[in-house]
Amino acid sequence: MATATVPSHPLLAGVKALLDGPGGQPGFLAERRRQAAASFAELGLPTRAWEEWRFTGVTHLEEKQWTVAERAPQLPSLADPSLADAHRLVVVDGWLRPELSQLHGLPEGVFAGSLADAAIRRPELVEPHLARHAALADHPFVALSTAQFRDGVLLWIGAGTVLDRPVELRLVARRHQRPTIALPRVLIVAGRGSQATVVHSSVGGSADTLICAVTEIVLEDGAVVDHYTMLDDDHGATHLTALEVRQGRDSSFHSGVFALGGGLLRNDLAVTLGGAGADATLDGLYLTSGHQHVDNHLLVRHSAAGCTSRQLYKGILDGSSRAVFNGRILVDPGAQKTDARQSNRNLLLSSAALVQSNPQLEILADDVRCTHGSTIGRLDEDAVFYLRSRGLDRAAAENVLTWAFAAEVVDRIRVPELRDRLRHAVLARLPSSELIREVV
Amino acid sequence: MSLLELKNLHVAIEGKEILKGIDLSVNAGEVHAIMGPNGSGKSTLAQVLAGREEYEVTAGEVRYRGRNLLELHAEERAREGLFLAFQYPVEIPGVSNTYFLRAALNAIRSHRGEPELDAIDFLKLVRERMQLVKLDESLLKRPVNDGFSGGEKKRNEIFHMAVLEPILAILDETDSGLDIDALKIVADGVNSLRGPDRASLVITHYQRLLNYIVPDFVHVLMDGRIVRSGGRELALHLEEQGYEWLEPEPSAAAVAGR
């Protein structure tokens, strides 16, 4: 197998060395990497001719010579962590750094550590799942991640284990002299009846950083997972992230994606409700300004009967920013009693901002309830007047209402410390004033 | 000098004239009722006085405490002691009723050069005023009007009024949709604010509220003009006779309150 060729593509540079290099790769992983490399080479970078990439251009990435980030010889100094009371895994440029992580006190029956290590030492935990949950099989950046990732995190939670504190995954990108890709890869396996909360944050980098973060989450029967993604970064890195979720019977998944900054962000979230009675709640909030571009692509696939899905994505757009929301609900034949709802609401603070909101329903069962709604608008002048008539000036009134719009999503965060942090982060992005802090 | 003085006020929205020359004078210590059929311009009058910018004043003037009211923004009017109880209070999810009210009160107090109320003093005031409108304490913590029943929204308006203690209160059909118990509560709230330095303008479609808030003067607004002014008995007369016997006539501009 080692003689099989790796297709040539600038973004695949280094894959051959990875497969042939010292230490090698476990057989299953090497094979999946080769397949993924071939798949990426065949797909190439998406162009706007692709239906799913119509509003988000990435071909400019080919203008740069990208290098996959090496394991940093020196550790970056980190700002304060998001959560004081959490298990913490810190990944720098795609490499897990145990020196910065904090894992004591994890209960029995949990593995939390380097994905590359686990693939070698605990293949029985990794092999059944990694790059196996193929809802995004035709997604080129998922293929790129599988071919190219160096390391990342495995969080494996044994059956019946309940994590009482959140697990924080901090993905840190350093600044580099030349264009650099970091490909943190995360695999979370929540065993039967287990329960966990994961807070995934991404910070750092520069305009010459490409962060291709791919996360796979498997919820076995009855598992409960809350997963929050925080993209709160003003350094202009390009984020191409994907989250693939596979749910077993009666499992419950809650996701919150909070995009508060960055340059170009494309976030794909695919959930497959594969066991009867599973439910998925997918919340999102994006705050954009300047020339930011945020694209949220959601795919919720109901493959089993009696599952529930809820999508609530809200956006606040300022400046000349762009947002794309594409929400696809797919109901397979036999997925009767499906209850699927989707809502995308956008608030435009500037006349130069633009939203593309595109709901898609494909229903192949006959006894289902599916609804979707999409709004794009400005602040309600009746509400502005109401607040002003009580003594708040116009700027404060507008801020209060903008906050109120965002709060619906922020208040759904189930980790109090994270919710507070998000409140502050959102408020910090609103212009002015002490007044609004007092009001909310 | 009048607290509020309207002279020949003409108001249009989107080119359509709604108010066609209103003269009205309200002194401190008085309660005036403005009655009239639907579409007569009652709510327009309330909104214009509160500073809604969509309405265009095409002629006339409004003086409030000796100043040109029309030059002031809505928030400046509020800080100068004018309050409008909305016919349709707006729901604001995500903003706590208490915190909003505290921000409003402190905006008014700092405009007057008074120190801001701290949380403890504010809560004391709020609890006291809540009694007045028998508002359930849970509505304090909830977002402003969010999920409130119709009656709760109206009582919340009166509660805001009781906390902000306006010099001139304008009630825009606060009585509509209220049962008799809620109506009495609203009336108690308004009556408790009566005083020699304050005045109220009570806009209503029905005479019913005026059994509990006894007005000093009643004006009838029809087709953008005040066609009749009188004392409390005018309201009773309207209750029996309806509005039909009053023909809108341009010459009937009322000499209000005199």
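Residues numbered from 1 in each chain as written. Chains lettered and ligands numbered in written order. Predicted model: local features only at pLDDT ≥ 70, side-chain atom pairs only at ≥ 80, totals over all residues.

### A few points about the overall build of chain A
Stated formally: A run of H or I in DSSP becomes a helix once it reaches four residues, and a run of E becomes a strand once it reaches two; helices and strands are each numbered from the N terminus. Here the globule rule reads 2.2 Å times residues to the power 0.38, and the radius of gyration is calculated from C-alpha atoms. By the criterion used throughout, residues are in contact when their C-beta atoms, derived from the backbone, lie within 7 Å.
Assigned secondary structure in chain A consists of nine helices and 22 strands. Relative to its length of 440 residues, chain A is compact, with a C-alpha radius of gyration of 21 Å against a globular reference of 22 Å. Counted over contacts in chain A with a minimum sequence separation of 6, partners at least 24 positions apart contribute 82%.

### What to know about the overall build of chain B
Note the threshold: For every residue, the other C-beta atoms within 10 Å of its own C-beta are counted; 20 or more classify it as buried, 12 or fewer as exposed, and values in between as partly exposed. C-beta atoms are placed from the backbone.
Along chain B, the regular secondary structure elements total eight helices and twelve strands. Radius of gyration (C-alpha) of chain B: 18 Å, near the 18 Å computed for a compact globule of 258 residues. Judged by the C-alpha coordinates and their principal axes, chain B covers about 55 × 40 × 35 Å. Split into buried and exposed, the 258 residues of chain B put 48% on the buried side. Considering only contacts within chain B whose residues lie at least 6 apart along the sequence, 72% involve residues at least 24 apart.

### Description of the sheet that holds strand E16 (residues 279–288) of chain A
All names here are of chain A. For the record, the criterion: Strand pairing is defined by DSSP finding a minimum of two bridges between the two strands. Fitted lines through C-alpha atoms serve as axes, helices being fitted only where they are in contact, and the angles separating the N-to-C directions of these axes extend from 0 to 180 degrees.
Reading across from one edge, E3-E2-E6-E9-E12-E14-E16-E18-E20-E22 is the order of the ten strands in this open sheet, with mixed pairing throughout. Both outer strands of the open sheet, strand E3 (95–96) and strand E22 (368–377), are each paired with one neighbouring strand and no more. The pairing of strand E2 (residues 87–92) with E3 spans two bridges and is classified as antiparallel. Bridge pairing links Val-91 to Leu-96 in E3. On the sheet, helix H7 (residues 394–410) packs against E16, strand E18 (308–317) and strand E20 (338–348) and is oriented at approximately 150° with respect to E18.

### Thoughts on the sheet that holds strand E10 (residues 199–204) of chain B
All names here are of chain B. Pairing in this open sheet of six strands is mixed, and the strands run E6-E9-E10-E3-E11-E12 from one edge to the other. The open sheet has two edge strands with one neighbour each: strand E6 (82–85) and strand E12 (225–230). Neighbouring strand axes in the sheet, compared pairwise and without regard to direction, differ in orientation by 20° on average. Pairing geometry for strand E11 (residues 217–222) and E12, over five bridges, is antiparallel. Bridge pairing in E12 places His-219 opposite Ser-229. The sheet strands contacting helix H1 (residues 42–50) are strand E3 (31–35), E6, strand E9 (168–172), E10 and E11, and the helix crosses E9 at an angle near 145°. Its contacts with the sheet put helix H6 (residues 150–164) on E6 and E9, and the angle it makes with E6 is roughly 165°.

### Some thoughts on helix H2 (residues 27–43) of chain A
Residues and elements named next belong to chain A. Here is the rule we go by: In this scheme, a helix's expected span is set at 1.5 Å multiplied by one less than its residue total.
In this model H2 runs 24 Å from its N-terminal to its C-terminal C-alpha over 17 residues, within 8% of the 24 Å that 1.5 Å per residue would give. By the burial criterion, the buried members of H2 are Leu-29, Arg-33, Arg-34, Ala-36, Ala-37 and Phe-40. Residue Gly-44 follows H2 closely and has a positive phi angle near 70°.

### Some words on the nonpolar core
Under the convention used in this document: Nonpolar cores are built from buried Ala, Val, Leu, Ile, Met, Phe, Trp, Tyr and Cys residues. These are joined into a set through C-beta atoms within 7 Å.
Membership of the largest hydrophobic core comes to 214 residues, with the highest contact counts inside it found for Cys-212 of chain A together with Ile-170 of chain B. At eleven residues, the largest contribution of residues to this core is made by H7 of chain A.

### Examining the domain arrangement of chain A
All names here are of chain A. Basically, it comes down to this: By convention here, the domain bounds are inherited from an automatic or database domain assignment. Only Asp, Glu, Lys and Arg are considered charged in this grouping, and only Ala, Val, Leu, Ile, Met, Phe, Trp, Tyr, Cys and Pro are considered nonpolar; every other residue, Gly among them, is considered polar.
In terms of domains, chain A is made up of domain 1 (10–273) and domain 2 (380–440). With 13 residues of domain 1 at the contact, the number on the domain 2 side is ten residues. Contributions of two or more residues to the side of domain 1 that touches domain 2 are made by strand E9 (195–204), strand E12 (224–231) and strand E14 (252–259). Per-class residue counts for the side of domain 1 that touches domain 2 are seven nonpolar, three polar and three charged.

### Some details on the interface of chain B and chain A
At the interface, 22 residues of chain B touch 20 residues of chain A. Elements with a minimum of two residues in the side of chain B that touches chain A: helix H2 (74–79), strand E7 (92–96) and helix H3 (97–111) of chain B. It is H3 of chain B that contributes the most residues to the side of chain B that touches chain A, seven residues altogether. Taken together, the residues that form the side of chain B that touches chain A break down as 15 nonpolar, three polar and four charged.

### Concerning the environment of Glu-157 of chain B
Residues and elements named next belong to chain B. Tracing the chain through its elements places Glu-157 in helix H6. For Glu-157, a count of 23 C-beta atoms within 10 Å gives the class buried. Note: C-alpha distance between Glu-157 and Leu-171 (14 residues apart in sequence) is 9.2 Å. Excluding anything up to four places from it in sequence, Glu-157 contacts Ala-85, Phe-86, Pro-89 and Thr-174.

### Some words on the environment of Glu-244 of chain B
As for its placement among the helices and strands, Glu-244 of chain B is situated in the segment after helix H8 (232–241). Placed 207 residues apart in sequence, Glu-244 of chain B and Pro-37 of chain B show a C-alpha to C-alpha distance of 9.7 Å.

### Observations concerning unusual backbone geometry
All names here are of chain A. Backbone geometry at Asp-93 places phi at a positive 50°, although glycine is not the residue there. Inspection of the secondary structure assignment puts Asp-93 in the loop between E2 and E3. Phi is positive for Ala-131, close to 60°, though the residue is something other than glycine. We classify Ala-131 as buried; it has 26 C-beta atoms within 10 Å.

### Things to note about the pairing of strand E15 (residues 264–273) of chain A
Residue and element names in this part refer to chain A. E15 sits mainly inside the fold: ten of its ten residues count as buried. Burial along E15 is two-sided: the residues Leu-264, Arg-266, Asp-268, Ala-270 and Thr-272 and Leu-265, Asn-267, Leu-269, Val-271 and Leu-273 are all buried. As defined by bridge partners, strand E13 (residues 238–247) adjoins E15 across nine bridges and the pair is classed as parallel. Looking at the pairing, Arg-246 lines up with Thr-272 of E15. For E15 and strand E17 (residues 293–302), the ladder comprises ten bridges, and the chain directions are parallel. Following the sheet pairing, Leu-264 is matched in E17 by His-293.

### Quick look at H6 of chain B
Residue and element names in this part refer to chain B. Across its 15 residues, H6 extends 21 Å between first and last C-alpha, which sits within 8% of the 21 Å expected from 1.5 Å per residue. Where burial is concerned, most of H6 is hidden: twelve out of the 15 residues are buried. Residues of H6 that are buried include every one of Lys-153, Lys-154, Arg-155, Asn-156, Glu-157, Ile-158, Phe-159, His-160, Met-161, Ala-162, Val-163 and Leu-164, and no others. Where H6 is buried, its residues meet E6, H3, helix H4 (119–133), helix H5 (138–141), E9 and helix H7 (180–192). The positive-phi residue at the C-terminal boundary of H6 is Glu-165, with phi of around 45°.

### Some words on the confidence of the model for chain B
Note the cut-off: pLDDT gives the predictor's per-residue confidence on a scale running from 0 to 100.
In this model, chain B carries an average pLDDT of 91, and 95% of its residues clear a pLDDT of 70 or more. Taken as a whole, residues 250–258 of chain B scores under 50 in pLDDT and shows 25 contacts with residues more than four places along the chain or in a different chain.

### A look at the packing of H4 of chain B against H6 of chain B
Residue and element names in this part refer to chain B. Rule in force here: Orientation is classified from the angle alone, with under 35 degrees giving roughly parallel, over 145 giving roughly antiparallel, 65 to 115 giving roughly perpendicular, and any other angle giving oblique. Handedness of each helix crossing follows the sense of rotation of the near helix against the far helix: counterclockwise by less than a right angle gives left-handed, clockwise gives right-handed.
Contact pair H4 / H6: the axes reach a minimum separation of 9 Å and the direction vectors enclose 135°. On the basis of their axis angle, the class for H4 and H6 is oblique. Between H4 and H6 the crossing geometry is right-handed. On H6, the residues that touch Leu-125, Val-126, Arg-129, Met-130, Leu-132 and Val-133 of H4 are Arg-155, Ile-158, Phe-159, Ala-162 and Val-163. Looking at the contact of H4 with H6 residue by residue, the classes come out as nine nonpolar, no polar and two charged.

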